[in-house]
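The residues making up each chain are set out below.
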Amino acid sequence: MSHKDILAQLKRVHFFEDLKRGELNAVVHLVNRRHFKEGEIVCEQGRLGHSMYVVESGELTVHHVDSQGVEHQVGVLNSGDYFGETSLLLGEPRDATVRAAQDTTLLHISRDDFQPLLDEQPSLLDHLNTVSYTHLTLPTKR
């Protein structure tokens, strides 16, 4: 995947849409591709997260275990969707488990790579769209 292709994909990601061209180009250089086979877990609920993912191709399912220990499928992610932005910025535990529903390719940005960029360009944080949309609804306590 070329720099230009990654740039085009990241431009469509809500989280990055307000970045200036130079800022987005800097982020593009941090992106790695990751491949997951059907059934593989990408991240697990409760484990510390250290990265963000953008779905390049494939499909993932999102599962949440409620306070009663019952697992619920709370969403499906497809090309262009993204997850893990809180983990990227804060290193917080994951809210859900994400599993490949089919062979999937993800664009991956690690916190270890992203943090030095934020340190170098603190204004970047002001341009990230941190008021994230979500189409996933986690079950509420009953």
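Quick notes on the rules
Residues numbered from 1 in each chain as written. Predicted model: local features only at pLDDT ≥ 70, side-chain atom pairs only at ≥ 80, totals over all residues. Heavy atoms only, no water. pLDDT = per-residue confidence, 0-100. Helix = DSSP H or I, 4+ residues; strand = E, 2+ residues; numbered from the N terminus. Contact = heavy atoms within 4.5 Å. Buried < 20%, exposed > 50% of the residue type's maximum accessible area, 1.4 Å probe, protein only. Core = buried A, V, L, I, M, F, W, Y, C linked by side-chain atoms within 4.5 Å. Pairing = 2+ DSSP bridges. Axes fitted to C-alpha atoms, helices over the stretch in contact; angles between N-to-C directions. Phe/Tyr/Trp six-rings, centres within 6.5 Å; stacked < 30°, edge-to-face > 60°.

**Comments concerning the confidence of the model for the protein**
Here is step 1 of the chain: For the protein, per-residue confidence averages 89 on the pLDDT scale, and 91% of positions sit at 70 or higher.
Here is step 2 of the chain: The spread of mean pLDDT over the elements of the protein runs between helix α5 (residues 123–127), the lowest at 88, and strand β7 (residues 97–100), the highest at 98.
Here is step 3 of the chain: Confidence drops under pLDDT 50 across residues 133–142; counting only partners more than four residues distant or on other chains, this segment forms 18 contacts.

**Examining helix α2 (residues 21–28)**
Here is step 1 of the chain: With 6 of its 8 residues buried, α2 lies for the most part within the structure.
Here is step 2 of the chain: Every buried residue of α2 is listed here: Glu23, Leu24, Asn25, Ala26, Val27 and Val28.
Here is step 3 of the chain: The inward-facing, buried residues of α2 abut α1 (3–11), β8 (104–110), α4 (111–120) and α5.

**Digging into the nonpolar core**
Here is step 1 of the chain: The biggest cluster of nonpolar side chains holds 25 residues, and the ones touching the most others in it are Leu10, Phe15, Phe16 and Phe114.
Here is step 2 of the chain: Of all the elements in the fold, those that place two or more residues in this core are α1, α2, β3 (51–57), α3 (85–90), β8 and α4.
Here is step 3 of the chain: Here this core gets 4 residues from one element, more than from any other, and that element is α2.
Here is step 4 of the chain: If you look at the next biggest cluster of nonpolar residues, it comprises 14 residues, including Val62, Val74, Val98 and Leu106.

**What to know about the environment of Glu56**
Here is step 1 of the chain: Relative to the elements of secondary structure, Glu56 occurs in strand β3.
Here is step 2 of the chain: Using a relative accessible area of 13% as the deciding quantity, one classes Glu56 as buried.
Here is step 3 of the chain: When the C-alpha atoms of Glu56 and Ile109 are compared, they prove to be 13 Å apart, with 53 residues separating the residues in sequence.

**Quick word on the sheet that holds strand β6 (residues 82–83)**
One key point about sheets: their strands pair by backbone hydrogen bonds, in either a parallel or an antiparallel sense.
Here is step 1 of the chain: Pairing is antiparallel in the open sheet, where 4 strands are placed in the order β1-β8-β3-β6. The sheet is open, and its two borders are formed by β1 (32–36) and β6, each paired with just one other strand.
Here is step 2 of the chain: Most of the contacts of α4 go to β8, to which it runs at about 45°, and overall it touches β1, β3 and β8.

**Thoughts on the packing of aromatic side chains**
Here is step 1 of the chain: Using the criterion set out here, one finds 4 aromatic pairs in the structure.
Here is step 2 of the chain: For the ring pair Phe36 and Tyr53, a centre distance of 6.5 Å and an interplane angle of 80° mean the geometry is edge-to-face. Here Phe36, found in strand β1, pairs with Tyr53, found in strand β3; they are 17 residues apart in sequence, far enough to count as distant. As far as the burial class goes, Phe36 and Tyr53 line up, both buried.
Here is step 3 of the chain: Taking 5.2 Å as the distance between ring centres and 25° as the angle between the ring planes, the aromatic pair formed by Tyr53 and Phe83 counts as stacked. Taken as a pair, Tyr53 in strand β3 and Phe83 in strand β6 lie far apart in primary sequence, 30 residues in all.

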